[in-house]
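# Summary of structural features
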Amino acid sequence: MSSSSSIAGYAAAALASLTAGQVEFLRALPKAELHAHLNGCIPVPTLRKLAAEHSDAASLPENVHAGIDQLQKGVVLEEIHDFFGLFPAIYALTSNPEALAEAARAVLALFLESDPEAPNGQSQAAYLELRTTPRESAHMTRRRYLETVLDEVERYPGERAALIVSLDRRMDAKVAEEVVDVAVALRNEGRRVVGVDLCGDPLAGDMKEFEGHFSKAKQAGLGVTLHIAETTENTHEDTLRLLSFKPDRLGHATFLDVDARDVVFSNKACVEICLSSNLLCKTVSSLDEHHLKHYLECNHPVAICTDDTLPFRNSLVGEYALLLAQKPLGLGLSEQEVVRVAGMSMTSRFALPTAQ
Ligand code: 6MZ
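Residues numbered from 1 in each chain as written. Predicted model: local features only at pLDDT ≥ 70, side-chain atom pairs only at ≥ 80, totals over all residues. Heavy atoms only, no water.

Attention now goes to the overall build of the chain. Within the chain, the regular secondary structure consists of 17 helices and 8 strands. By the compact-globule yardstick of 21 Å for 356 residues, the chain fits well, its C-alpha radius of gyration being 19 Å. The principal-axis extent of the C-alpha atoms belonging to the chain is close to 50 × 45 × 45 Å. Within the chain, buried positions represent 59% of all 356 residues. Long-range contacts, defined here as pairs at least 24 residues apart, represent 76% of the contacts in the chain between residues at least 6 apart. Summed over all atoms, the accessible surface of the chain reaches about 14,000 Å², with 52% contributed by carbon and sulfur. Separation between the mean location of the 33 positive side-chain charges and that of the 49 negative ones in the chain comes to 4 Å. (Helix = DSSP H or I, 4+ residues; strand = E, 2+ residues; numbered from the N terminus. Rg over C-alpha atoms; globule rule 2.2 N^0.38 Å. Buried < 20%, exposed > 50% of the residue type's maximum accessible area, 1.4 Å probe, protein only. Contact = heavy atoms within 4.5 Å. Areas by Shrake-Rupley, 256 points an atom, 1.4 Å probe, with all protein chains shown as cover. Lys, Arg positive; Asp, Glu negative; His and termini not counted. Charge placed at Lys NZ, Arg CZ, Asp CG, Glu CD.)

Time to look at the sheet that holds strand β5 (residues 223-228). In spatial order, the strands read β1-β2-β3-β4-β5-β6-β7-β8; together these 8 strands make up an open sheet with parallel pairing. Across the chains shown, the open sheet's two edge strands, defined by having one partner strand only, are β1 (32-37) and β8 (302-304). Pairs of neighbouring strands in the sheet enclose a mean axial angle of 25 degrees, with direction left out of account. As paired elements, β1 and strand β2 (residues 127-132) share 4 bridges and run parallel to each other. Bridge pairing links alanine 36 to leucine 130 in β2. (Pairing = 2+ DSSP bridges. Axes fitted to C-alpha atoms, helices over the stretch in contact; angles between N-to-C directions.)

This brings us to the site of the ligand. The full set close to the ligand counts 20 residues, and Tyr91, Thr132, Thr133, Glu230 and Asp308 are the nearest of them. Contacts to the ligand include glutamate 230, whose side-chain N or O atom sits 2.8 Å from a nitrogen atom. Taking 510 Å² as the accessible area of the ligand by itself, protein coverage stands at 99%. Listed by contribution, the elements that provide at least two residues to the shell around the ligand are α6 (87-91) and β2. (Near = heavy atom within 4 Å. Polar contact = N/O pair within 3.5 Å; in protein donor to acceptor, adjacent residues only side chain to side chain.)

The biggest cluster of nonpolar side chains holds 112 residues, and the ones touching the most others in it are Leu167 and Leu323. In this structure, Ala32, Leu34, Cys270 and Cys274 belong to the second largest nonpolar core, which totals 12 residues. (Core = buried A, V, L, I, M, F, W, Y, C linked by side-chain atoms within 4.5 Å.)

So, about the packing of helix α9 (residues 173-188) against helix α10 (residues 211-219). Following both chains from N to C, one finds α9 and α10 inclined at 5 degrees, their axes separated by 10 Å at the closest point. Judged on the interaxial angle alone, α10 and α9 are roughly parallel. For the pair α9 and α10, contact is made by Ala173, Ala176, Glu177, Val180, Asp181 and Val184 and by His213, Lys216 and Ala217, respectively. Within the contact of α9 with α10, the residues separate by chemical class into 5 nonpolar, 1 polar and 3 charged. (Parallel < 35°, antiparallel > 145°, perpendicular 65-115°, else oblique. Nonpolar A, V, L, I, M, F, W, Y, C, P; charged D, E, K, R; others polar.)

A word on unusual backbone geometry. Of note, the bond from lysine 327 into proline 328 is cis; its omega dihedral lies within 30 degrees of zero at 0 degrees. Among the structural elements, proline 328 can be located in the loop between α16 (316-324) and α17 (335-347). A positive phi angle, close to 45 degrees, is found at alanine 229, a residue other than glycine. Of note, alanine 229 is situated in the loop between β5 and α11 (236-244). A positive phi angle, close to 55 degrees, is found at lysine 246, a residue other than glycine. In this structure, lysine 246 sits in the loop between α11 and β6 (249-252).

Below you can see the structure in the form of structure tokens.
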């Protein structure tokens, strides 16, 4: 899977504006992808293969094929809430262990295997922390789901890949507890689970319910990252409550008010920045308005990430191109600044279990 021919939109335009030397510089730069959702990063050809291989292909809902066509052409989102409707069609294809393993293998390869377009065969990421929400189905338990993904992650050495277990804001207390218990148990068994995440529709759920789950994960030595303040509708209380869980990293953190920013700056929690995602979900109107600029000015740790390469049709190299390209296609950072930013992603990785 190539990183540039299959990409489109903001990242592709930024990449196309760079010289061959600049592209080579970005490819060779050691960088960590710390915010990539498994089911949001499945390459289109893999989705088509899974649809064809489905045990009862005729029974697949009609919207699955139409959904894949739409993802290939590019989805246009009016607002971030439209985004979450894309997943049921994808989930219909990754609901048994064999299909899930195939999807996980393809996503790991996308980030970690050599890119056919790179002259020296570099991969996009030196290291990938892949995240996923364990789903129960007629074919697997949540534990089996995570074991299946871990089997694929652990084909790579610890310095290249690890797993973050996501809790969805829509989960009820019983399911969230089960997910954290399984994540901790797998970690204690020496499996390569490095953290837990909170994701899903940014307005769903009551965050009071989640505090105990994240504190249990922390006590077990897992890193904690939380999607936070992703929309203007996220309340001050919601944001401050999530910060009170003392996360190690934050996803997006687009609409932090002054109080919340003070907490984030004093805790030095790394902010996972997803430029194309924010532009395409219309939570940020232009690169010039992006909150990344503020974090860079304040020398606050950030990690540049892709979020969901499937709907956003981006790549990690493309996201870094958005830093280096001249305005208005990019932020016009110098190569030296880009090296510093990439270095921050590498130092913000979660710790591996001691045995690895
Ligand atoms: C919040 C997101 C997200 O876990 O099934 N997800 N949650 N904000 C985002 N930014 C736009 N992008 C993806 O991957 C898909 C799931 O990740 C979450 C959503 O809950 C989505 O269902 P997994 O592998």
